[in-house]
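Topology and contacts: notes
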Amino acid sequence: GKCLVCGSVENLESHHIVPLADLVQAHGITDREHARSCDALWDLGNGMTVCRPCHYNIHGRTYAD
């Protein structure tokens, strides 16, 4: 229930530690059916809760409220 970077409880989002696009490519996913059956895409250990400003920062973008 809080950002794992700064501790904020506002504007929380989920962040893929290993980018989703990398997982799709690594597992050769080409359609929804294959995506649904790929355990790596649904691994909760590949996610973290962050607030929107920290999420922007992680991706090298500037957040403007």
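A short tour of the structure in this document, coming up. As the structure is a prediction and not an experimental result, all values here were calculated from the model. (Residues numbered from 1 in each chain as written. Predicted model: local features only at pLDDT ≥ 70, side-chain atom pairs only at ≥ 80, totals over all residues. Heavy atoms only, no water.)

1. Thoughts on the pattern of salt bridges
What counts is decided by this rule: When a carboxyl oxygen of Asp or Glu lies within 4 Å of a side-chain nitrogen of Lys or Arg, that pair is called a salt bridge. Helix numbers and strand numbers start at the N terminus; a helix is a DSSP run of H or I with at least 4 residues, a strand a run of E with at least 2. In this scheme, a residue with accessible area under 20% of its type's maximum is buried, one over 50% is exposed, and one in between is partly exposed, where area comes from a 1.4 Å probe on protein chains only.
Summed over the entire model, instances satisfying the criterion amount to 1 salt bridge. The closest approach of N and O atoms between Arg52 and Glu13, which form a salt bridge, is 2.6 Å. Highlighted residues: Arg52 in helix H3 (residues 52–58) and Glu13 in strand S1 (residues 12–16), separated in sequence by 39 residues. You can call Arg52 partly exposed: its relative accessible area is 30%.

2. Things to note about unusual backbone geometry
Although it is not a glycine, Asn11 sits at a positive phi angle of roughly 50 degrees. Mapped onto the fold, Asn11 is located in the segment before S1. Judged by relative accessible area, Asn11 falls into the partly exposed class, the value being 41%.

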